[in-house]
Amino acid sequence: MLAKPSTGLEWRLQHLARPSGWSSETGLTLVGALEDKLLLPIYEQHPDLEPPLADLEEPTVTSELTWNDVQLLPPVTEQRFDEIIFSVMERTWRKTAMMVWLVVNRCRELGLSIDDETVAARLKALSDSDRIDGIGDLRMWRHSEVRLKDETAD
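Residues numbered from 1 in each chain as written. Predicted model: local features only at pLDDT ≥ 70, side-chain atom pairs only at ≥ 80, totals over all residues. Heavy atoms only, no water.

**Q** I tried to follow unusual backbone geometry on my own but got confused; where do I start?
**A** As a rule of thumb, non-glycine residues mostly have phi less than zero, and peptide bonds are mostly trans rather than cis. Following Pro74, the chain continues to Pro75 via a peptide bond in cis, the omega torsion being 15°. Of note, Pro75 is situated in the loop between helix 2 (24-45) and helix 3 (78-88). With a phi angle near 65°, Asp130 is a residue other than glycine that sits in the positive phi range. Examined against the element boundaries, Asp130 turns out to sit in the loop between helix 5 (116-128) and strand 2 (132-135). (Helix = DSSP H or I, 4+ residues; strand = E, 2+ residues; numbered from the N terminus.)

So this is what it looks like as C-alpha cells:
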C-alpha cells in the first residue's frame, strides 16, 4: 500500500496516467528526489514560495448524484443539455469543477435553471459512455478532469 501523498504532484503520479513502465513508486521516488535536491533548498532560501499545506486537501466526493436520478425540466432535453456541455468543452484537460462552473454559467446565460450537481452527473455519464474523456473519479470535482475526445486517437 502506498503512503499518503504529501504533494499535489504525488497525488497526480498515483492517480493519473503515467508513462509506460512507470509505477506509482517510481514516480514517488522521483518526486522525493526532486523535493530533496531541488525544492527544499529553494524553500529554505525563499519560504514564501513553499505551497501552503491547505492546498494539499484530501480528495473528497463532491456529489453522489447520478444521471439516472436526474429529471430535466422542460424545455431542456438531454440532447440540448449535451449540446450546451459540448459548446463549452475543449480538447484540453480541464478540472471537472471548472467545467461544472462553465456549463452552469452557460445555462444561466440561456435562461435555463440547471444546478451544478446535475451538470456533474451528466459529465460522469458522458465519460462513462465514452463520449468524452475523463480522468480520475469525476465525483471528486477538484481532483478529476474532463475533455472532448481526441478525434485523432484510435
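Structure shown, so let's carry the discussion forward.
**Q** Even after reading the chapter, I still don't get the environment of Thr60, so can you show me in this structure?
**A** Mapping Thr60 onto the fold places it in the loop between helix 2 and helix 3. In the structure, Thr60 is positioned 82 residues away from Arg142 in sequence and 8.6 Å away in space, judged by C-alpha atoms. The residues touching Thr60, leaving out its near neighbours within four places in the chain, are Arg139, Met140 and His143. (Contact = heavy atoms within 4.5 Å.)

**Q** Explanation requested: the packing of helix 4 (residues 96-109) against helix 5 in the structure shown.
**A** Packed helices, taken two at a time, are described by the angle their axes make and the gap between the axes. Helix 5 packs onto helix 4 with a crossing angle of 120° between their chain directions and a minimal axis gap of 9 Å. With respect to their mutual orientation, helix 4 and helix 5 come out oblique. Our pair here, helix 4 against helix 5, has a crossing hand that is right-handed. Packed against helix 4, whose contacting residues are Thr96, Met99, Val100, Val103 and Val104, the element helix 5 presents Asp116, Val119, Ala120 and Leu123 at the interface. For the contact of helix 4 with helix 5, the residue count by class is seven nonpolar, one polar and one charged. (Axes fitted to C-alpha atoms, helices over the stretch in contact; angles between N-to-C directions. Parallel < 35°, antiparallel > 145°, perpendicular 65-115°, else oblique. Left-handed = near helix turned anticlockwise from the far one by under 90°. Nonpolar A, V, L, I, M, F, W, Y, C, P; charged D, E, K, R; others polar.)

**Q** Is there a simple way to think about the pattern of salt bridges in this case?
**A** Where charged atoms of side chains with opposite charge meet at close range, the side chains can pair. Tallied over the entire structure, the rule returns 13 salt bridges. Of the charged contacts in the structure, one is a salt bridge between Arg122 and Asp82, with a shortest N-O distance of 2.7 Å. Of this pair, Arg122 sits in helix 5 while Asp82 sits in helix 3; the two residues are 40 residues apart in sequence, bridging distant segments of the chain. Its relative accessible area of 5% is what places Arg122 among the buried residues. Residue Asp82 is classed as buried on the basis of its relative accessible area, which comes to 5%. The residue Lys124 makes a salt bridge to Asp128 at a minimum N-O spacing of 3.0 Å. (Salt bridge = Lys/Arg side-chain N within 4 Å of Asp/Glu carboxyl O. Buried < 20%, exposed > 50% of the residue type's maximum accessible area, 1.4 Å probe, protein only.)

**Q** Just checking my understanding: could you explain a nonpolar patch on the surface for this structure?
**A** Judged by side-chain polarity, Leu34, Leu38, Ile42 and Leu49 come together as a nonpolar surface patch covering roughly 340 Å² of accessible area. Relative accessible area serves as the criterion here: at 37%, Leu34 is assigned to the partly exposed category. (Patch = residues over 30% accessible without salt bridge, like charges linked within 9 Å, V, L, I, M, F, W, Y side chains within 5 Å. Areas by Shrake-Rupley, 256 points an atom, 1.4 Å probe, with all protein chains shown as cover.)

**Q** Help me understand the side chain of Ser63, please; the structure alone is not making it clear to me.
**A** Of note, Ser63 is situated in the loop between helix 2 and helix 3. Here the side chain of Ser63 touches Leu65 through a polar contact of 3.3 Å, landing on its backbone nitrogen. Not counting residues within four places of it along the chain, the set of residues in contact with Ser63 comprises Glu117, Arg139 and Trp141. (Polar contact = N/O pair within 3.5 Å; in protein donor to acceptor, adjacent residues only side chain to side chain.)

**Q** Even after reading the chapter, I still don't get the sheet that holds strand 2, so can you show me in this structure?
**A** The strands making up a sheet associate through hydrogen bonds between their backbones, and the pairing can be parallel or antiparallel. With respect to topology, three strands assemble into an open sheet ordered 1-3-2, the strand pairing being antiparallel. Either end of the sheet is taken by a strand with one partner, and the two such strands are strand 1 (94-95) and strand 2. Pairing between strand 2 and strand 3 (residues 145-148): four bridges, direction antiparallel. Note on strand 3: the bridge partner recorded for Ile135 is Glu145. (Pairing = 2+ DSSP bridges.)

**Q** I keep staring at the nonpolar core and nothing clicks. Help me out?
**A** Burial of nonpolar side chains together is a common tendency in soluble globular proteins. Within the largest apolar cluster, 26 residues are counted, with the highest numbers of intra-cluster contacts made by Phe81, Met89, Val103, Val119 and Leu123. Among the elements that line this core, the one with the most residues is helix 5, at six residues. Ignoring sequence-local partners within four residues, the contact set of Val103 consists of Phe81, Ile84, Ile85, Val88 and Val119. (Core = buried A, V, L, I, M, F, W, Y, C linked by side-chain atoms within 4.5 Å.)

Purely geometric numbers; function is a separate question.
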